[in-house]
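The chain contents come next:
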Amino acid sequence: MSDHHLRRLVIMRHAKADWPVGVPDHERPLEERGHREAPLAGKWLLKHKVVPDFILCSSALRTRQTCTWICDELGEKAPTPKLENGLYAASATEMLAVINHVPDTVTTLMVISHMPGVQDLAMRLASRDSDHDAYMDAATRYPTSALTVLETEKPWAELDGQDARLIHFKVPRH
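Reading the values: the criteria
Residues numbered from 1 in each chain as written. Predicted model: local features only at pLDDT ≥ 70, side-chain atom pairs only at ≥ 80, totals over all residues. Heavy atoms only, no water. Pairing = 2+ DSSP bridges. Helix = DSSP H or I, 4+ residues; strand = E, 2+ residues; numbered from the N terminus. Axes fitted to C-alpha atoms, helices over the stretch in contact; angles between N-to-C directions. Contact = heavy atoms within 4.5 Å. Disulfide = S-S within 2.5 Å. Buried < 20%, exposed > 50% of the residue type's maximum accessible area, 1.4 Å probe, protein only.

The protein is annotated in an unreviewed UniProt entry as Histidine phosphatase family protein of Paenarthrobacter ureafaciens.

Caption draft 1: Spatial organisation of the sheet that holds strand 1 (residues 7-13). Spatially, the six strands line up as an open sheet ordered 3-2-4-1-5-6, and their pairing is mixed. Only two strands of the sheet have a single partner each, and these edge strands are strand 3 (82-84) and strand 6 (165-170). Taken pair by pair, the neighbouring strands of this sheet meet at an average axis angle of 20 degrees, ignoring direction. Across the sheet, helix 3 (residues 92-99) touches strand 1, strand 2 (54-58), strand 3 and strand 4 (108-113), and the angle it forms with strand 4 is around 145 degrees. The strands touched by helix 5 (residues 132-140) are strand 5 (147-152) and strand 6; relative to strand 6, the strand with the most contacts, the crossing angle is about 65 degrees.

Caption draft 2: Fine view of the state of the cysteines. Per the stated rule, a full pass over the model turns up zero disulfides. With no disulfide of its own, Cys57 has Cys67 as its nearest cysteine by sulfur position, at a separation of 4.3 Å. Residue class for Cys57 comes out buried when judged on its relative accessible area of 0%. The thiol of Cys71 is not disulfide-bonded; the next cysteine sulfur, from Cys67, is found 4.1 Å away. Classification of Cys71 by relative accessible area gives buried; the value is 14%.

As structure tokens, this is what we get:
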């Protein structure tokens, strides 16, 4: 083991969103299914002891609502999320630039954002020693509420590509 601490990155796609007529994309709310499934992601995180100490959340309404459900489930363990305009409609490269500025004191970081950036970021960071099944699931489908958990010993500032082991891919459903 190096002198670096093991860090975990949780990349989540927001829960199922609605498409109300006349509502700008940034202001789209979660639909009923999204309100049911987002809390399940929080329950999964608690059950598997993957509790974030920092959450970066896109500023879009659907990601903010997803984040609220996650934090409700985490209860007193929930950190105060940071809304990040740079995660809205962001590419993997743009998301990584935001992650690269996270302080090294953060050991478990959660990022709640949008497709295709979340999937592209997970695939970019996944190293060759990733869990094969989890990697293939994340590579072939990334539905709403999906979570990818990666582990790395590198500082956030040094994350670039193929330097985090993908250990879980989960789609919380009832």
